[in-house]
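# Survey of secondary and tertiary structure
Below are the chains, spelled out letter by letter.
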Amino acid sequence: MSPAAQVTLTTRRSARFVAWTRAWRAGLVSFDEILDDLTAEEEQHVRDLPGQWREEVELREALPALAKLHPDEIRLVLPVPGDPRGLPGPGPFTSHALVNGEGVIASRLGLVPEARQHTSGSGVTFTTVLWRAFELSEAPSAHLPGVREADGALSQALTETTTRLVRLDVAQWRPELAGALQALRKPDAETDLPPGYDPRARRLYARACVLDRVLTLAGQAAPGGALNSFEAQQRDEALRPLAAACRAALVAACNAPFES
């Protein structure tokens, strides 16, 4: 298997949820189309949705709660400790979003996806997604980076990080990471946005999605223990600015205004 082929991690669930839900609310895709996209690979449920008498419902039953929202009221957040941009103040939603590294703000509703692993009687392992819903005291104000700004910042961070990784001789202790970085110009079908987004937002999203997978791979332990503690520290320092730029790029692309 080629190095690039080993980057098989999927696009962030919150990113696809926001992109397709916004397109639905803009009237650009149907209710069935959004369900088909979001549930094609994983069964999805929502827990603790306000106004529901059942504790947990299927995504099909939960989405109508967003039916009256304007697309711009639905936003992606990708927080990490030390970088809580886009989150409301302290509370259960903020805590869960920080732990999981992603979330959706839909006016006064917050949603955080959690993957659940199951094993069938025949031993087959599969994943379902549980979206935890949180009622917010108010709709948080949006502080959105523009697509052009985020694109430029991502390009600069990628150039600087690649230079540092070359100096660290990443190919010696993590050859599949070095190869995966070369795959950034080859986005796949999973990195496409629904109708309504302009070409620049589409390009930024595709690029940032692939890069996000590479960064996830980079954060894993090197095979065979090839990465010692000092090398791990250097790697983390090199990748941190790129990870921040990647998160900002995904947020900017998914939350971008639709074409008029």
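These notes cover the structure that comes with them.

Conventions adopted
Residues numbered from 1 in each chain as written. Predicted model: local features only at pLDDT ≥ 70, side-chain atom pairs only at ≥ 80, totals over all residues. Heavy atoms only, no water. Salt bridge = Lys/Arg side-chain N within 4 Å of Asp/Glu carboxyl O. Buried < 20%, exposed > 50% of the residue type's maximum accessible area, 1.4 Å probe, protein only. Helix = DSSP H or I, 4+ residues; strand = E, 2+ residues; numbered from the N terminus. Contact = heavy atoms within 4.5 Å. Pairing = 2+ DSSP bridges. Axes fitted to C-alpha atoms, helices over the stretch in contact; angles between N-to-C directions. Parallel < 35°, antiparallel > 145°, perpendicular 65-115°, else oblique. Nonpolar A, V, L, I, M, F, W, Y, C, P; charged D, E, K, R; others polar. Phe/Tyr/Trp six-rings, centres within 6.5 Å; stacked < 30°, edge-to-face > 60°. Lys NZ or Arg CZ within 6 Å of the ring centre and 35° of its normal.

## Focus on the pattern of salt bridges
Under the definition given, this model contains 15 salt bridges. Between E56 and R47 there is a salt bridge, and its shortest N-O distance comes to 3.5 Å. Here E56 falls in the partly exposed class, since its relative accessible area comes to 27%. For E61, the salt bridge is made with R54, and the minimal N-O distance between the two is 2.1 Å. Residue classification places E61 among the partly exposed positions, given a relative accessible area of 32%. Accessibility expressed as a relative area gives 32% for R54, which makes it partly exposed. A network of salt bridges, in which partner residues are shared, links R47, E55, E56 and R116.

## A short note on the side chain of S14
Relative to the helices and strands, S14 resides in helix α1 (residues 13-25). Ignoring any residue separated from it by four or fewer positions in sequence, one finds S14 in contact with L76, E102, G103, V104, P113 and W131.

## Concerning the sheet that holds strand β4 (residues 103-106)
Backbone hydrogen bonds hold the strands of a sheet together, and the pairing may be parallel or antiparallel. Read from one edge of the open sheet, 6 strands run β2-β1-β6-β5-β4-β3, paired in mixed fashion. Lying at the two open borders of the sheet, with one neighbouring strand each, are β2 (56-58) and β3 (74-77). Averaged over all adjacent pairs, the angle separating strand axes in this sheet is 30°, with direction ignored. Across 4 bridges, the pairing between β3 and β4 is antiparallel. Paired with V77 across the bridge in β4 is G103. In the packing of helix α4 (residues 92-100) onto the sheet, the strands contacted are β3, β4, β5 (109-119) and β6 (125-135), and the crossing angle to β5 comes to about 45°.

## Here we look at the environment of E102
Note on placement: E102 falls in the loop between α4 and β4. For E102, a relative accessible area of 11% puts it in the buried group. C-alpha of E102 to C-alpha of P79: the two residues are 23 residues apart in sequence and 6.1 Å apart in space. For E102, the residues in contact, after removing those within four places along its chain, are R12, R13, S14, V77, L78, P79, A97, V112 and P113.

## Some points on the pairing of β6
Relative to β6, strand β1 (residues 43-47) runs parallel, the two being bridged by 5 bridges. Paired with H45 across the strands is L130, a residue of β6. Here β5 pairs with β6 via 11 bridges, running antiparallel. Across the sheet, the residue bridging to V112 is R132, located in β6.

## Describing the packing of α1 against helix α2 (residues 31-38)
In contact at an axis separation of 9 Å, α1 and α2 are set at 170° when each is read in the N-to-C sense. Relative to α2, α1 is oriented roughly antiparallel. On the side of α1, the interface is formed by R16, F17, W20, T21 and W24, while α2 contributes F31, E33, I34, D37 and L38. By residue class, the composition of the contact of α1 with α2 is 6 nonpolar, 1 polar and 3 charged.

## Quick notes on the packing of aromatic side chains
In the structure shown here, the tally under the stated rule is 4 aromatic pairs. Here F17 and W131 contribute two aromatic rings whose centre-to-centre distance is 4.7 Å and whose plane-to-plane angle is 40°, an arrangement assigned as tilted. Of this pair, F17 sits in helix α1 while W131 sits in strand β6, and the two are 114 residues apart along the sequence. Given a relative accessible area of 2%, F17 falls into the buried group. Both rings, one in Y197 and one in F258, keep their centres 4.8 Å apart while their planes meet at 85°; by these two values the pair is edge-to-face. Of this pair, Y197 sits in the loop between α7 (175-181) and α8 (199-218) while F258 sits in the segment after α9 (229-254), and the two are 61 residues apart along the sequence. Stacked on the ring of F258, the Lys or Arg R22 has its end atom at 4.6 Å from the ring centre. Directly above the aromatic system of W24 lies the positively charged group of R25, at a separation of 4.7 Å from the ring centroid.

None of this, on its own, says anything about what the molecule does.
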